[in-house]
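Breakdown of the fold
Here is how the chains run, residue by residue.
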Amino acid sequence: MIKGVNFFSGIGRKLLCWFLLLSILPILTVAILTYRYARETIKNELLNEEAFLAEGIKNHIQTILNSGEYASQFFASDEFIRRHLEILNHDPGNKRIVKKFNDYMVYKTNLNKDFYETFILNPAGIIVASSNEKSIGRIEFGADYFYYGKDGTYVKDVYADENTRECSIAFAAPVLKKRGGKFLGVLVIRYNANKLNEITTGKRTDMKEDVGTFLRRGKTSEAYIVNENHLMITGSRFKKEAILSQLVNTEPVTAALNSGKEVVGVYKNYMGREVIGATRYLKKMGWVLLVETDESEAYSPISK
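What this report covers is the structure whose coordinates are included nearby. (Residues numbered from 1 in each chain as written. Predicted model: local features only at pLDDT ≥ 70, side-chain atom pairs only at ≥ 80, totals over all residues. Heavy atoms only, no water.)

**Points about the overall build of the protein**
Secondary structure assignment for the protein yields eight helices and nine strands. Partitioning the contacts of the protein with sequence separation of at least 6, the portion at a separation of at least 24 is 51%. (Helix = DSSP H or I, 4+ residues; strand = E, 2+ residues; numbered from the N terminus. Contact = heavy atoms within 4.5 Å.)

**As for the sheet that holds strand 5 (residues 183-192)**
The five strands are arranged 2-1-5-4-3 in an open sheet whose pairing can be described as antiparallel. This sheet does not close on itself; its edge strands, each paired only once, are strand 2 (127-130) and strand 3 (154-160). Neighbour-to-neighbour, the strand axes of the sheet open up by a mean angle of 25°, direction not taken into account. In the sheet, strand 1 (residues 115-121) pairs with strand 5 via six bridges, with the strands oriented antiparallel. (Pairing = 2+ DSSP bridges. Axes fitted to C-alpha atoms, helices over the stretch in contact; angles between N-to-C directions.)

**Examining the packing of aromatic side chains**
Within this structure, the stated rule accounts for 12 aromatic pairs. Ring plane angle 35° and centroid distance 4.1 Å describe the contact between Phe80 and Tyr104, whose orientation is recorded as tilted. With a gap of 24 residues between them, Phe80 in helix 2 (residues 79-90) and Tyr104 in helix 3 (residues 95-109) connect regions that are remote in the sequence. A ring pair is formed by Phe119 and Tyr145, whose centres lie 5.9 Å apart and whose planes are at 65°; its orientation type is edge-to-face. Taken together, the positions of Phe119 in strand 1 and Tyr145 in helix 4 (residues 144-149) put the pair 26 residues apart, joining distant regions of the chain. Accessibility classification places Phe119 together with Tyr145 in one group, the buried group. Here the aromatic cluster, defined as three or more aromatic residues joined through ring pairs, consists of Phe75, Phe115, Phe171 and Tyr191. (Phe/Tyr/Trp six-rings, centres within 6.5 Å; stacked < 30°, edge-to-face > 60°. Buried < 20%, exposed > 50% of the residue type's maximum accessible area, 1.4 Å probe, protein only.)

**Comments concerning the pattern of salt bridges**
One pass over the full model with this rule turns up 17 salt bridges. Two residues, Arg82 and Glu79, come together in a salt bridge whose shortest N-O distance is 3.3 Å. You can see Arg82 and its partner Glu79 sitting in helix 2, three residues apart, about one turn around the helix. Residue Glu262 is joined to Arg280 by a salt bridge in which the shortest nitrogen-to-oxygen separation is 3.9 Å. With Glu262 in the loop between helix 6 (251-259) and strand 7 (264-268) and Arg280 in strand 8 (residues 274-282), this residue pair connects regions lying 18 residues apart in the sequence. Among the ionic contacts, a cluster of salt bridges with common partners joins Glu55, Lys58, Glu262 and Arg280. (Salt bridge = Lys/Arg side-chain N within 4 Å of Asp/Glu carboxyl O.)

**Comments concerning the nonpolar core**
Counting residues in each nonpolar core, the largest one holds 44 residues, and the members touching the most others are Ile61, Ile81, Phe101, Ile120, Ile169 and Trp287. Dropping the residues within four chain positions of it, Phe101 is found in contact with Phe80, Ile81, His84, Leu85, Leu88, Ile120 and Ala129. (Core = buried A, V, L, I, M, F, W, Y, C linked by side-chain atoms within 4.5 Å.)

**Things to note about unusual backbone geometry**
Phi is positive for His230, close to 65°, though the residue is something other than glycine. Topologically, His230 is positioned in the loop between strand 6 (222-226) and helix 6. Residue His230 is classed as buried on the basis of its relative accessible area, which comes to 18%. Positive phi values are uncommon outside glycine, yet Leu244 reaches one of about 65°. Assignment of secondary structure puts Leu244 in the loop between strand 6 and helix 6. Leu244 sits in the partly exposed class, given a relative accessible area of 27%.

**A word on the pairing of strand 2**
Alignment of strand 1 against strand 2, held across three bridges, turns out to be antiparallel. By the bridge assignment for strand 2, Ile120 is matched with Ala129. Between the antiparallel neighbours strand 1 and strand 2 lie five residues, among them Gly125 with a positive phi of about 80°.

**Structural notes on the pairing of strand 7**
The sheet contact formed by strand 7 and strand 8 spans five bridges and is antiparallel. Residue pairing across strands places Val266 opposite Ile276, the latter belonging to strand 8.

**Digging into helix 6**
Buried within helix 6 we find Pro252, Val253, Ala255, Ala256 and Leu257. Its buried side turned inward, helix 6 meets strand 6, strand 7, strand 8 and strand 9 (287-294).

**Describing the packing of helix 2 against helix 3**
In contact at an axis separation of 10 Å, helix 2 and helix 3 are set at 150° when each is read in the N-to-C sense. Considering the relative orientation of helix 2 and helix 3, their crossing is left-handed. Contacts between helix 2 and helix 3 pair Phe80, Ile81, His84, Leu85, Ile87 and Leu88 from the former with Ile97, Val98, Lys100, Phe101, Tyr104 and Met105 from the latter. Grouping the constituent residues of the contact of helix 2 with helix 3 by class yields 10 nonpolar, one polar and one charged. (Left-handed = near helix turned anticlockwise from the far one by under 90°. Nonpolar A, V, L, I, M, F, W, Y, C, P; charged D, E, K, R; others polar.)

Purely spatial values, then, with no claim about function.
The structure is reproduced here in structure tokens:
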């Protein structure tokens, strides 16, 4: 007790309150400022990290797309394919040539474990040779990879194959006669689109157990790709059967698709949650890559 002051008197209680206020106020001020600084530091570090991850994933995906285009061009320039396609264009019922051609398509497809199928369309849009014999004779005159593949290399967006239901990307290239460049047909490679999922999840698709990865740390971090139709083309950590069914109409996706703008910041994701995220735009395919972590989880250490 301070000499001459009774803390239980009215004046004493007021002095005690002021004493406690003046003691606690600086502590509270420092605590609030420290919390805000720590929160901003964590946000900036996470944004930089996710932007770095997004750039790395984008480059990996771009490498796959470039490799697929190159493979279709390389196969289409194969003299065996040119010569045998030209024979079939004049004699489509030649079973010996069809057998040799199909066997060669199997050989070409087996060069890459991620190739589902390699097939050849003649000028009428009919499959005349394929690594999958069931495809022979199918008419695909209206297929986009035939329509656009006649004029140059073409990459078809992720789709579910009508016959196998496998999620695929198609790489197409015209087959031209070596001399004179006469159009002979279109070569198409059907590529395993699950490879994209392996990149965005950081794990193989044949792994059944839910293992943690660098891209799926904690409980909320995830990376995924959205196409120009605002549909997910890779899996969601939170929604089952999301590929080609989950709509994503978030601000970063709209900004990328409308103006090519890449966002790094805080926004609401496809489930309406506030996330810290970074986007990258793959202009050629019209794809938007997003890497995100829930804001609440990012700040949980300092909140505790």
